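An overview of the molecular structure
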Amino acid sequence: MTVSPHVILDQVSFAYGERVAISDLSLTLKERRVGLIGSNGSGKSSLLRLIHGLAQPTKGSVTTLGLSTKADRKKIPSRVGFLFQDPDRQIIFPTVGEEIAFGFEEQGRTRREARNEALSWLTRYGRSDWPERGVQELSEGQRQLVCLISVIALDPGLILLDEPFASLDLRTRLAFADQLEALPQPLVMASHDFDFLTRFERIIWLEHGRIQADGPPETVLSAYEAAARAQPEVMP
Ligand SMILES: Nc1ncnc2c1ncn2[C@@H]1O[C@H](COP(=O)(O)OP(=O)(O)OP(=O)(O)O)[C@@H](O)[C@H]1O
Ligand SMILES: [Mg+2]
């Protein structure tokens, strides 16, 4: 069976002003679970932003779920879920219930349906008392949980997660890891959670906006770890 790629990068470069974040990167992603690793500043978040069309390449082109992130940019948010590294960049509404319900309203549900749906997702995670809670009164990990729920609940065709577990407690992380594993749609995730990444099909190791290694977790994770131990101060 041939699987059509969900992401294609064709000779993509991307810079913030003078600072190059992604350098002449070509990639075809077909695997259900792809992990992104690399040092701080290596380009993981930039790559995810390019795949979602939140950032536009300075050179080359990106195709996500068959859509050009340039020409079809407006169609992407309804099909591709994106979890920001920083939950505060994601959250728009004052209460948890409104934040999660918003996506359902965008999908055409009535306000009441959307609120009920949000409540049922919160109940699934044991947070049925959260709809009226002010988002800014939650801890960082709790805000991250709200963002994760709002991405997954909308059942997107592709899910992009930027370090989703960074602030979650162990119990919540384990529950989410199992749930993410069971999801049918493809996932591209930047993470330093090696336990979870060992279950992935493909790991891409970025440094300086280029691919340092690309392959199965057993090869790439151990090479990354060996490099970090050999040169604890400076990665290649
Ligand atoms: N808003 C910005 N303005 C200018 N430069 C930026 C901005 N965001 C990132 N950069 C630069 O782009 C490069 C890639 O950053 P990026 O955020 O993609 O890295 P990352 O691998 O996600 O890092 P981390 O592990 O810290 O999340 C870095 O050199 C960084 O300094
Ligand atoms: Mg990042």
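Here goes a summary of the coordinates provided. (Residues numbered from 1 in each chain as written. Chains lettered and ligands numbered in written order. Predicted model: local features only at pLDDT ≥ 70, side-chain atom pairs only at ≥ 80, totals over all residues. Heavy atoms only, no water.)

Examining the coordination of the magnesium ion (ligand 2)
- For the magnesium ion (ligand 2), the protein coordination sphere consists of Ser 45 (OG) and Gln 85 (OE1), at 2.0 to 2.3 Å. Of this pair, Ser 45 sits in helix 1 (residues 44-52) while Gln 85 sits in the loop between strand 6 (80-83) and helix 2 (87-90), placing them 40 residues apart in sequence. (Donors = N, O, S within 2.8 Å, 3.2 Å for Na, K, Ca; no water. Helix = DSSP H or I, 4+ residues; strand = E, 2+ residues; numbered from the N terminus.)

Thoughts on helix 4 (residues 111-124)
- Here helix 4 contains 14 residues, and its C-alpha end-to-end distance of 20 Å stays within 8% of the 20 Å for a straight helix at 1.5 Å per residue.
- For helix 4, the set of buried residues is Ala 114, Ala 118, Trp 121 and Leu 122. With its buried residues spanning 100° around the axis, helix 4 presents them on a single face. Across helix 4 from its buried face, at more than 90 degrees, point the exposed residues Arg 112 and Arg 124.
- Close packing links the buried residues of helix 4 with helix 3 (96-106), helix 5 (140-153) and helix 6 (170-182). (Expected span 1.5 Å × (residues − 1). Buried < 20%, exposed > 50% of the residue type's maximum accessible area, 1.4 Å probe, protein only. Arc of directions from axis to C-beta. Contact = heavy atoms within 4.5 Å.)

Structural notes on the packing of aromatic side chains
- For the coordinates displayed, the defined rule picks out eight aromatic pairs.
- Ring centres of Phe 14 and Tyr 16 lie 4.8 Å apart, and the angle between their planes is 75°; this geometry places the pair in the edge-to-face category.
- A relative accessible area of 8% places Phe 14 in the buried class.
- Each ring, one from Tyr 125 and one from Phe 176, has its centre 5.0 Å from the other, and the planes form 10°; the classification is stacked. Taken together, the residues span a long stretch of sequence, with Tyr 125 in the loop between helix 4 and helix 5 and Phe 176 in helix 6 at a distance of 51 residues. With respect to class, Tyr 125 is no different from Phe 176; both count as buried.
- Aromatic rings pair up to connect Phe 165, Phe 196 and Phe 200 into one cluster.
- Sitting over the ring of Trp 121, Arg 124 keeps its end group 3.8 Å from the ring centre. (Phe/Tyr/Trp six-rings, centres within 6.5 Å; stacked < 30°, edge-to-face > 60°. Lys NZ or Arg CZ within 6 Å of the ring centre and 35° of its normal.)

A word on the packing of helix 3 against helix 4
- The contact between helix 3 and helix 4 brings their axes to 8 Å, and the two run at 120°. With respect to each other, helix 3 and helix 4 are oriented oblique. Like other packed secondary-structure pairs, helix 3 and helix 4 cross with a definite hand, here right-handed. Residue-level inspection shows Val 96, Gly 97, Glu 98, Ile 100, Ala 101, Phe 104 and Glu 105 of helix 3 in contact with helix 4, the latter providing Arg 111, Ala 114, Arg 115, Glu 117, Ala 118, Trp 121 and Leu 122.
- Of the residues belonging to the contact of helix 3 with helix 4, the class tally is eight nonpolar, one polar and five charged. (Axes fitted to C-alpha atoms, helices over the stretch in contact; angles between N-to-C directions. Parallel < 35°, antiparallel > 145°, perpendicular 65-115°, else oblique. Left-handed = near helix turned anticlockwise from the far one by under 90°. Nonpolar A, V, L, I, M, F, W, Y, C, P; charged D, E, K, R; others polar.)

Re the packing of helix 3 against helix 5
- One way to put it is that helix 3 packs onto helix 5 with a least axis distance of 9 Å and a crossing angle of 20°. In terms of their interaxial angle, helix 3 and helix 5 are classed as roughly parallel. The element helix 3 and its partner helix 5 pack so that their crossing is right-handed. Between helix 3 and helix 5, the residues in contact are Val 96, Glu 99, Ile 100 and Phe 104 and Val 146, Ile 149, Ser 150 and Ala 153, respectively.
- Looking at side-chain class alone, the contact of helix 3 with helix 5 contains six nonpolar, one polar and one charged residues.

What about the sheet that holds strand 4 (residues 59-64)?
- The strand order 2-1-4-5 describes an open sheet built from four strands, whose pairing is antiparallel. With partners counted over all chains shown, the strands left at the sheet margins are strand 2 (19-29) and strand 5 (67-68), one partner each.
- Judged from the five bridges that link them, strand 1 (residues 7-16) and strand 4 form a sheet pairing that is antiparallel. Bridge assignment links Asp 10 to a residue of strand 4, and that residue is Ser 61. (Pairing = 2+ DSSP bridges.)

Some details on the layout of surface pockets
- Space inside the largest pocket adds up to approximately 750 Å³.
- Every residue lining the largest pocket is counted, 23 residues in all, and those nearest its centre are His 52, Pro 77, Val 80, Phe 102 and Leu 154.
- Elements with a contribution of two residues or more to the lining of the largest pocket: strand 6, helix 3 and helix 5.
- No other element matches the five residues that helix 3 contributes to the lining of the largest pocket.
- Looking at the lining of the largest pocket residue by residue, the classes come out as 11 nonpolar, eight polar and four charged. (1 Å grid on protein atoms, 1.4 Å probe; cavity = no way out; pocket = protein on both sides within 12 Å on 5 of 7 lines; lining within 4 Å. Points joined across faces, edges and corners; volume = space filled by probe spheres on them.)

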